[in-house]
Amino acid sequence: NISLMSVLPGGKPRTIMSFDGQNMTPAVSKKGRVVISLSNRADAHLYEYQFDPKSKSGRFVLLTTGVGQYISPSFNGEDNIVFCYINKMGRPRIGMLNLKDKSISWISKGHGVSPCVSADNSKLAYSTRLDRLLQLYCYDFKTGEQRQVTFDDGHKDECSWSPCGNYLVYSSEKGVN
């Protein structure tokens, strides 16, 4: 069981939720909306945490349905969540959930993992498998264009944007390094 925790700088950690399963990869929007992947048994789904200040209690509202793993949420603005979906055959791809109407649009044409939205919400970086290696791709939300940004040996994943949006940092694995 993996618990969802919070901590203020210099403060003590506190448990937000100890779900009977896994609490993974929380995403927080600029206005404080929280989405998390929760799993038990075979499936993982995206939930939005909603806090009621009047009753001083929170609840998790289911956002996705069906069979599979919805993981690695990342906000694109306040009303869209980019995520990785792994179907029951184990094939991952990148999708985007519109929080207003719950519709899903697919971004990656095939394999896609580790999505990360730039701070200005204009671009998405993710890893995709090419010639048995994970390479980084960038997707432009405005134009819908995708382009490969890494080409060398080694698996690249778990990328993150610089605050200015001009640079990506990522993990690269070559053999045992």
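Quick note: structure is the one above.
In what follows, the accompanying structure is described. Keep in mind that this is a model prediction, so the values were computed, not measured.

1. Some details on the sheet that holds strand S13 (residues 133-140)
And then number 1: With respect to topology, four strands assemble into an open sheet ordered S11-S12-S13-S14, the strand pairing being antiparallel. Both outer strands of the open sheet, strand S11 (113-117) and strand S14 (146-148), are each paired with one neighbouring strand and no more. Across the sheet, the mean angle from the axis of one strand to that of its neighbour is 25°, orientation sign disregarded.
And then number 2: Where strand S12 (residues 123-130) meets S13, eight bridges bridge the pair, whose relative direction is antiparallel. Paired with threonine 128 across the bridge in S13 is glutamine 135.

2. Examining the pattern of salt bridges
And then number 1: Taken as a whole, this structure holds four salt bridges when the rule is applied.
And then number 2: We note a salt bridge from lysine 100 to aspartate 79, for which the minimum N-O separation is 3.6 Å. Remark: aspartate 79 occurs in the loop between strand S7 (69-75) and strand S8 (80-86) and lysine 100 occurs in the loop between strand S9 (92-98) and strand S10 (104-106); sequence separation between them is 21 residues.
And then number 3: Accessibility expressed as a relative area gives 66% for lysine 100, which makes it exposed.
And then number 4: Given the relative accessible area of 27%, aspartate 79 is considered partly exposed.

3. Digging into the layout of surface pockets
And then number 1: A volume near 360 Å³ is recorded for the largest pocket.
And then number 2: Contributing to the lining of the largest pocket are 23 residues, with Ala27, Pro73, Ser74, Phe75 and Val117 lying nearest its centre.
And then number 3: Secondary structure elements with two or more residues in the lining of the largest pocket: strand S3 (22-28), S7, S8 and S11.
And then number 4: Residue contributions to the lining of the largest pocket peak at five residues, all from S7.
And then number 5: Residues that form the lining of the largest pocket fall into these classes: 12 nonpolar, eight polar and three charged.

4. Observations concerning the pairing of strand S6 (residues 57-62)
And then number 1: In terms of strand pairing, strand S5 (residues 43-52) meets S6 through six bridges, oriented antiparallel. Opposite aspartate 52, over in S6, you have serine 57 as the bridge partner.
And then number 2: The antiparallel pairing of S5 with S6 creates a hairpin that spans four residues between the two strands, and lysine 56 there sits at a positive phi of about 55°.

5. Considering the pairing of S13
And then number 1: With seven of eight residues buried, S13 is to be regarded as a mostly interior element.
And then number 2: The hairpin formed by S12 and S13 contains two residues between the paired strands, and aspartate 131 there has a positive phi angle of roughly 50°.
And then number 3: Across three bridges, the pairing between S13 and S14 is antiparallel. Within S14, the residue paired with cysteine 138 across the bridge is arginine 147.
And then number 4: The hairpin formed by S13 and S14 contains five residues between the paired strands, and glycine 144 there has a positive phi angle of roughly 80°.

6. A short note on the packing of aromatic side chains
And then number 1: This structure, assessed with the given rule, holds seven aromatic pairs.
And then number 2: Their ring planes at 50° and their centres at 5.0 Å tell us that tyrosine 49 and phenylalanine 60 sit as a pair that is tilted. Of this pair, tyrosine 49 sits in strand S5 while phenylalanine 60 sits in strand S6, and the two are 11 residues apart along the sequence.
And then number 3: Tyrosine 49 sits in the partly exposed class, given a relative accessible area of 24%.
And then number 4: One aromatic cluster in this structure is built from Tyr70, Phe83, Tyr85 and Trp106.

7. Notes on the nonpolar core
One recurring pattern in soluble globular proteins: nonpolar side chains tend to sit buried together.
And then number 1: Counting residues in hydrophobic clusters, the biggest one holds 15 residues, and the most contacted among them are Val82, Ile94, Ile107, Leu124, Tyr126, Tyr139 and Phe141.
And then number 2: Broken down by secondary-structure element, the contributors of at least two residues to this core are S8, S9, S11, S12 and S13.
And then number 3: In contact with leucine 124, other than residues within four places in its own chain, are Val82, Ile94, Ile107, Pro115, Cys116, Val117, Tyr137, Cys138, Tyr139, Phe141 and Trp161.
And then number 4: Counting residues in each nonpolar core, the second largest holds 11 residues, with Val35, Tyr70, Tyr85 and Leu97 among its members.

Rules of the game
Residues numbered from 1 in each chain as written. Predicted model: local features only at pLDDT ≥ 70, side-chain atom pairs only at ≥ 80, totals over all residues. Heavy atoms only, no water. Pairing = 2+ DSSP bridges. Helix = DSSP H or I, 4+ residues; strand = E, 2+ residues; numbered from the N terminus. Axes fitted to C-alpha atoms, helices over the stretch in contact; angles between N-to-C directions. Salt bridge = Lys/Arg side-chain N within 4 Å of Asp/Glu carboxyl O. Buried < 20%, exposed > 50% of the residue type's maximum accessible area, 1.4 Å probe, protein only. 1 Å grid on protein atoms, 1.4 Å probe; cavity = no way out; pocket = protein on both sides within 12 Å on 5 of 7 lines; lining within 4 Å. Points joined across faces, edges and corners; volume = space filled by probe spheres on them. Nonpolar A, V, L, I, M, F, W, Y, C, P; charged D, E, K, R; others polar. Phe/Tyr/Trp six-rings, centres within 6.5 Å; stacked < 30°, edge-to-face > 60°. Core = buried A, V, L, I, M, F, W, Y, C linked by side-chain atoms within 4.5 Å. Contact = heavy atoms within 4.5 Å.

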